[in-house]
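Observations on the three-dimensional arrangement
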Amino acid sequence: MSASGTPLDLQVLQQAQQWAATSALWLCTVLHTWGSAPRGPGAMLAVSAEGHHCGSLSGGCVEEDLLARLAAGQWQAPSQVIRYGDGELAANVKLPCGGILGILIEYLPAGDDTVAYLGRQLAAVAGHEALHKRLTLPHPCQSLTPAEFATQPQINVQGHEIDIRLSAAPQLFVAGYSPVAQYCMSFAFSLGFEVVLCEPREEVLATLQGDSQVHTLPPGVRVLEALPAHYLQLNGCHANTAIVALTHDPRLDDLTMMEAVKTPAFYIGVMGSAQNSRHRRERLTRIGHLTDTDQQRIHAPIGLDIGSKTPAEIGLAIMADIVRLKNQGAADQHR
């Protein structure tokens, strides 16, 4: 995640698409990591023919050598796979964590075809669709086709055949600020989530913004000044989204739940004790007309039961539960 709140790989594709109108470029994608590595499979770096670059493959471990080799004219085939960390390239370049990176490098000519090709991938990473990206080395990508939504990048390499499933980074949608929300957002950012805070209350916004700022949001949080339920009604969300309501204010939390169950979000949760959660379920059935199926999607009480008491512990329990379901979904997709 970048400091601007836009996922880094989304920025990479946006920048690459701008370059492609007038410049050839290389699009580099991490295929595999062995051992520990700073960035995981699916991480991207784009490099223009003029030497400009955007993104990261390793947190800076290999980029200097890679950029020097590209500037010297290496890797002009439409596609090739290289490895760092095992002596194959630049034996003196070692990842501090001792890992190995396998990297797909695509050389893309300038022009409308490349702009359109990058645009399809940009739409997938933005959450509009999921795609299978298939290519056969050393040829250009021959297929971008719709795929089932994946909770994380999925990459399959069989000899010269490469299949990359592209979809959006996980998103945490927070309906209203609270101390617990503060910790959830901080943990989520560290875990690689895109973090969105939807906050309609002017008095709360005043504590988060401007010279009178009282609370400091984690870096990269995107703040939407809107009623969460109204925003979800108009814009929805993609399937790799976790929606949480953590204010204890039923005007915010209940309305958010009524709209959240209409979205494809993989996790929906609302904070409250077991007794408060029972009362909320009664209200949501009576007033919101939620069905039993709708109610079963809502995690209430929210989070793993770890005996949490403080805002930090509750935030940890919530994010642990979200990550559990996210990773469980990824495991199910591999079966």
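Residues numbered from 1 in each chain as written. Predicted model: local features only at pLDDT ≥ 70, side-chain atom pairs only at ≥ 80, totals over all residues. Heavy atoms only, no water.

Under an unreviewed UniProt entry, the name given to the chain is XshC-Cox1 family protein, and the source organism is Terasakiispira papahanaumokuakeensis.

Below, the discussion takes up helix H7 (residues 250-260). Every α-helix carries 3.6 residues per turn, so stepping three or four residues along brings you back to the same face. Taken across its 11 residues, H7 has 8 buried, putting it largely inside the fold. All of the buried residues along H7 are Leu252, Asp253, Asp254, Thr256, Met257, Met258, Glu259 and Ala260. Considering only its buried residues, H7 is in contact with strand E10 (171-175), helix H6 (228-235), strand E13 (241-245), strand E14 (267-270), helix H8 (274-286) and strand E15 (298-299). One side-chain oxygen of the residue at the start of H7 lies 3.0 Å from the amide nitrogen of Arg251, identifying that residue as Asp249. (Buried < 20%, exposed > 50% of the residue type's maximum accessible area, 1.4 Å probe, protein only. Helix = DSSP H or I, 4+ residues; strand = E, 2+ residues; numbered from the N terminus. Contact = heavy atoms within 4.5 Å. Polar contact = N/O pair within 3.5 Å; in protein donor to acceptor, adjacent residues only side chain to side chain.)

Further remarks concern the sheet that holds strand E5 (residues 100-108). Taken in spatial order, the 5 strands make up an open sheet running E3-E2-E1-E5-E4, and their pairing is antiparallel. In this open sheet, the two edge strands, each paired with only one partner strand, are strand E3 (53-55) and strand E4 (79-84). If you compare each strand with its neighbour and ignore which way they point, the axes differ by 20° on average. Relative to strand E2 (residues 44-48), strand E1 (residues 25-34) runs antiparallel, the two sharing 5 bridges. Bridging from a neighbouring strand, Thr29 pairs with Met44 of E2. Against the sheet, helix H1 (residues 8-20) contacts E1, E2 and E3, and its axis sits at roughly 20° relative to E2. Packing of helix H3 (residues 112-125) onto the sheet brings it into contact with E1 and E5, and relative to E5 it is tilted by some 140°. (Pairing = 2+ DSSP bridges. Axes fitted to C-alpha atoms, helices over the stretch in contact; angles between N-to-C directions.)

On average, residues of the chain score 87 in pLDDT, and 87% of them reach the 70 mark or higher. Confidence over residues 1-5 falls short of pLDDT 50; this stretch has 15 contacts with residues more than four positions distant or in other chains. (pLDDT = per-residue confidence, 0-100.)

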